[in-house]
Amino acid sequence: MVRRRRQAGLAALFVVLYLLAVRVLPLPELIAGRISQLALTGIGLFVTVVWARAAVRARGRMKAGLILWSIASLGWAIGEAIWVIDGWRTGLAPVESVANAFFAVTIVSTPLAAVLLVGRPSASVRTLFDALMIGTSLFFVVWALILGPAYRSGDPNVGTVAYAVADVVILSLVLLLLADAGPALRTPLEISAVGIVVMFAADSAYAFESVAGTYRFGTLPDLLWLVAFAIFAVGAPHRSELRGVTRLSDGGRPRAYLPYVPFVLAFVTGVTMQATRQELDRVLAILSMTLTALVVFRQMLILSDNRRLTRQLSALVDDLRFRADHDALTGLANRPRFEECAEQALLPGGPGTVSLLLIDLDGFKPVNDTYGHHSGDRVLVEVARRMTAAAGPDDVVARLGGDEFAVLTTADPGALADRVLAAFGTAFDVGEEFAAIGASIGVTSARPGSRSVGQMVRDADVAMYEAKRSGSNNVVTTGLAV
């Protein structure tokens, strides 16, 4: 971070020196224009070097993306050099086909580099609307400032139209990709995206001045191009950012506000045209209605996404609450949940008698030892199913841990204990064989407000061990505590 701040300071100093030489010092216009174009060529070559140096330290897809970015800068620098040679004597020259060919390298390489460095955008309807919003907003600005005036003046300059449309496509793609970018190289890419935005403004200003016939070397487009490439130089990845990064993430945190940046630019352009009493032609009117519809539909998608996320969050909360109160294997209530229900049932003033059945399995340990824990888990799940079927609809069936279960009931505990024992009358499937499992049941009862949960559990535990000493499938009941 400190190194990048230092680089940003040097870039700002370079821009200040450029302004001093080109716009402040009383130099002849031709000399100032030459200095401007040489500075642009030089900074283009510098950006080529720093991004190529970063590519040497990278690998795989990242290396290819960095190489393409440096190629894009090199193409622009060579095209600029050819252009300044052509206009060295006059300070103004049409962009010849050779220079256009190198500028075309920049137009092609930049989006390809962005795809390789950022990753693929998520294939969703919202992403599609984001792309349409960005592209339509930028085309609104380009038409209002460049293409519209060129069309109305009958200007046949195809190059102006091509560069304007290419800028719209490149900027739309880069902003869209950046919205879905993962954490790898996020800072360099975000800085470079700002540079692309400035580059778009520079190309738009150049096209506008070309249509008006006012462009000369050293004017506003040159300043904006210089600022854009200074930003690219600051955004070049550092060694520390490339160290340990072997692949790029396809899908990081989305930047939901990005599509609104070009939309605000289009809005400001339209407001400015109205304030200066410029008429919105039919194309701009159609684009305005299209943008309005896209914004409305995108907000509807956001609301739909929010409702879906709310439902998912609610389901997740319910699932977490269930997991907190229930045994993970059997789905029965766990010990904390069972004790909570027992405390509620034993509150003073409650109706009827509360009974607690403590159940310990007989012959379960040999199943684990002989057939393995997987078969033991199958037996526990089946025990839970049979006990739930034997219990009443208002009874609470719980697994307290291991092979120990409990039932809380306000019905006749003796009849319930008999049904539970009967449920163990059928052998349990343990895979290739069947195993006989029994149960020892300790029962205790109390009226609400007369005893605590801990006292009832201790009494039921004593009764259960007495039943266990008497042999398998026995029930021992303590007296009703008054």
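Criteria and cut-off values
- Residues numbered from 1 in each chain as written.
- Predicted model: local features only at pLDDT ≥ 70, side-chain atom pairs only at ≥ 80, totals over all residues.
- Heavy atoms only, no water.
- Phe/Tyr/Trp six-rings, centres within 6.5 Å; stacked < 30°, edge-to-face > 60°.
- Helix = DSSP H or I, 4+ residues; strand = E, 2+ residues; numbered from the N terminus.
- Buried < 20%, exposed > 50% of the residue type's maximum accessible area, 1.4 Å probe, protein only.
- Patch = residues over 30% accessible without salt bridge, like charges linked within 9 Å, V, L, I, M, F, W, Y side chains within 5 Å.
- Areas by Shrake-Rupley, 256 points an atom, 1.4 Å probe, with all protein chains shown as cover.
- Salt bridge = Lys/Arg side-chain N within 4 Å of Asp/Glu carboxyl O.
- Axes fitted to C-alpha atoms, helices over the stretch in contact; angles between N-to-C directions.
- Parallel < 35°, antiparallel > 145°, perpendicular 65-115°, else oblique.
- Left-handed = near helix turned anticlockwise from the far one by under 90°.
- Contact = heavy atoms within 4.5 Å.
- Nonpolar A, V, L, I, M, F, W, Y, C, P; charged D, E, K, R; others polar.
- Pairing = 2+ DSSP bridges.
- Core = buried A, V, L, I, M, F, W, Y, C linked by side-chain atoms within 4.5 Å.

**Student:** Just checking my understanding: could you explain the packing of aromatic side chains for this structure?
**Tutor:** For any pair of aromatic rings, geometry is given as the distance between the ring centres together with the angle between the planes. Applying the stated criterion to the full structure yields 15 aromatic pairs. Where tryptophan 83 meets tryptophan 225, the ring centres are 6.1 Å apart and the plane angle is 75 degrees; that geometry is what we call edge-to-face. Within this pair, whereas tryptophan 83 is found in helix α3 (residues 60-86), its partner tryptophan 225 is found in helix α8 (residues 220-235), the two being separated by 142 residues in sequence. Here tryptophan 83 matches tryptophan 225 in class, with each residue buried. Between phenylalanine 229 and phenylalanine 232, the aromatic rings sit 5.3 Å apart at their centres with planes inclined by 85 degrees, giving edge-to-face as the arrangement. In this pair, phenylalanine 229 and phenylalanine 232 are both assigned in helix α8, three residues apart and thus about one turn of the helix distant. Accessibility classification places phenylalanine 229 together with phenylalanine 232 in one group, the buried group.

**Student:** What should I look at first to understand unusual backbone geometry in this one?
**Tutor:** Here arginine 277, not a glycine, exhibits a phi torsion of approximately 60 degrees, which is positive. Considering the arrangement of structural elements, one finds arginine 277 in the loop between α10 (260-275) and α11 (282-325). The backbone of asparagine 473 shows a phi angle near 60 degrees, a positive value even though the residue is not glycine. With respect to the helices and strands, asparagine 473 occurs in the loop between α16 (453-469) and β7 (474-477). Overall, asparagine 473 belongs to the partly exposed group, its relative accessible area being 37%.

**Student:** What is the right way to read a nonpolar patch on the surface from this model?
**Tutor:** Together, Leu10, Leu13, Leu17, Leu20, Val24, Leu25, Leu27, Ile31 and Ile35 make up a nonpolar patch on the protein surface, roughly 760 Å² of accessible area in all. With five residues, helix α1 (residues 2-24) is the single largest residue contributor to the nonpolar patch. Mapped onto the elements of the fold, leucine 27 is located in the loop between α1 and α2 (29-56).

**Student:** Any chance you could explain the packing of α3 against α8 here in plain terms?
**Tutor:** Packed helices, taken two at a time, are described by the angle between their axes plus the distance between the axes. Taken N-terminus to C-terminus, the directions of α3 and α8 make an angle of 150 degrees; their axes are 13 Å apart at the nearest point. Viewed along their axes, α3 and α8 adopt a mutual orientation that is roughly antiparallel. For the crossing formed where α3 meets α8, the hand is left-handed. Where α3 approaches α8, its residues Trp69, Ser73, Trp76 and Trp83 are matched on the opposing element by Trp225, Phe229 and Phe232. Class assignment for the residues of the contact of α3 with α8 results in six nonpolar, one polar and no charged.

**Student:** How should the packing of α10 against α11 be read in this particular structure?
**Tutor:** Running from N to C, α10 and α11 cross one another at 145 degrees; their axes reach a closest spacing of 12 Å. For α10 against α11, the interelement crossing comes out left-handed. Facing Tyr260, Phe263, Ala266 and Met273 of α10, the residues of α11 in contact are Leu284, Leu291, Val295, Arg298, Gln299 and Ile302. Residue classes in the contact of α10 with α11 are distributed as eight nonpolar, one polar and one charged.

**Student:** How should the pattern of salt bridges be read in this particular structure?
**Tutor:** In a structure, side chains of opposite charge can pair up when their charged atoms sit close to one another. Inspection of every chain in the model, using the stated rule, returns 14 salt bridges. Between arginine 335 and glutamate 404 there is a salt bridge, with the nearest N and O atoms lying 3.6 Å from each other. Of this pair, arginine 335 sits in helix α12 (residues 335-345) while glutamate 404 sits in strand β3 (residues 404-409), and the two are 69 residues apart along the sequence. Among the residues examined, arginine 335 registers a relative accessible area of 31% and is labelled partly exposed. Look at glutamate 404 and you get buried, because its relative accessible area is 16%. In this structure, glutamate 382 and arginine 386 form a salt bridge, with 2.9 Å as the shortest nitrogen-oxygen distance. Separated by four residues within a single helix, glutamate 382 and arginine 386 lie in helix α14 (residues 373-390), roughly one turn from each other.

**Student:** Help me understand the sheet that holds strand β2 (residues 396-401) in this model?
**Tutor:** Backbone hydrogen bonds are what pair the strands of a sheet, in a parallel or an antiparallel way. With respect to topology, five strands assemble into an open sheet ordered β2-β3-β1-β6-β7, the strand pairing being mixed. Unpaired on one side and paired on the other, β2 and β7 mark the two borders of the sheet. Neighbour to neighbour, the strand axes of the sheet diverge by 20 degrees on average, direction disregarded. Examined bridge by bridge, β2 and β3 share five bridges and lie antiparallel to one another. If you follow valine 396 over to β3, its bridge partner there is leucine 408. In this fold helix α15 (residues 413-423) packs onto β1 (354-362), β3, β6 (438-446) and β7, with an angle of close to 165 degrees to the strand it touches most, β6.

**Student:** Looking at this model, I keep getting lost on the nonpolar core. Mind explaining?
**Tutor:** Note on soluble globular proteins: their nonpolar side chains tend to be buried together. Among the nonpolar cores identified, the biggest contains 63 residues, and Trp51, Leu66 and Trp225 are the most heavily contacted of them. Per-element accounting of this core gives the leading share, 10 residues, to α8. Among the nonpolar cores identified, the runner-up in size contains 28 residues, and Leu332, Leu361, Val379 and Val397 belong to it.

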